[in-house]
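What the coordinates show
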Amino acid sequence: MTTRYQTPTRTARAANTAVRWLAELGISISGTRVLRVRGRKTGKLRPVVVNLLTVDGVDYVVSPRGDTQWARNVRAAGVVDVGPRWRSENATVSELADDAKPKVLSRYLAKWYWQVKGYVGGLTPQSGYDELRAAASSIPVFALGKADC
């Protein structure tokens, strides 16, 4: 995987905090959900707001900014909580292989390009398979499954 991380601006961090707060209350803005994952070092639950994408009955989360802290935590933990605190569900996670990412990235960009256009490495909703595949190694994509908890 190509390591890429685009740091959010102060404005983006403030907006993410506000949207995460709403998502914690169960108010989704264009498909946002709260994802909570245990930190690799502290073991504390770390909340982050994500766009939950469903393709062919499978839920996916994408890290458009690249190899973020939450993406690294998800990789290490293998399980996350998704949803508001009072109604969260456990989910297992598995990272997609680069060859499987273009289909999901295409759908993701079609739905949320307006929101993520500044940090998806020049991709657009019109990007072809070859462009999506070339960028796939720098954009973590995770499939969510039912946890046996």
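Read on for an overview of the structure. All figures in this text were calculated on a predicted structure; none of them were measured in a lab.

1. A look at the pairing of strand β2 (residues 45-51)
Note that strand β1 (residues 32-38) and β2 share seven bridges and pair antiparallel. Within β2, the residue paired with R33 across the bridge is V50. Following β1, the chain reverses through six residues before pairing antiparallel with β2; G43 in that reversal takes a positive phi of roughly 80 degrees.

2. What to know about the pattern of salt bridges
One side chain can pair with another of opposite charge once the charged atoms of both are near each other. Inspection of the entire model under this criterion finds seven salt bridges. With a closest N to O distance of 4.0 Å, K146 and E89 form a salt bridge. A residue pair is termed long-range when its members are at least 10 positions apart, and K146 in strand β7 (residues 141-146) and E89 in strand β6 (residues 89-95) qualify at 57 residues. A salt bridge links K101 to D98; the nearest nitrogen and oxygen atoms lie 3.1 Å apart. Linked through salt bridges whose partners overlap, the residues forming this network are D67, R72, R75 and E95.

3. What about helix α4 (residues 129-136)?
Within the sequence span of α4, burial applies to L132, A135 and A136. Buried residues along α4 cover an arc of 110 degrees about the axis, so they all sit on one side. Pointing more than 90 degrees away from the buried face of α4 are the exposed residues D130 and A134. For α4, the secondary structure elements touched by its buried residues are α3 (101-116).

What counts, and at which threshold
- Residues numbered from 1 in each chain as written.
- Predicted model: local features only at pLDDT ≥ 70, side-chain atom pairs only at ≥ 80, totals over all residues.
- Heavy atoms only, no water.
- Pairing = 2+ DSSP bridges.
- Helix = DSSP H or I, 4+ residues; strand = E, 2+ residues; numbered from the N terminus.
- Salt bridge = Lys/Arg side-chain N within 4 Å of Asp/Glu carboxyl O.
- Buried < 20%, exposed > 50% of the residue type's maximum accessible area, 1.4 Å probe, protein only.
- Arc of directions from axis to C-beta.
- Contact = heavy atoms within 4.5 Å.

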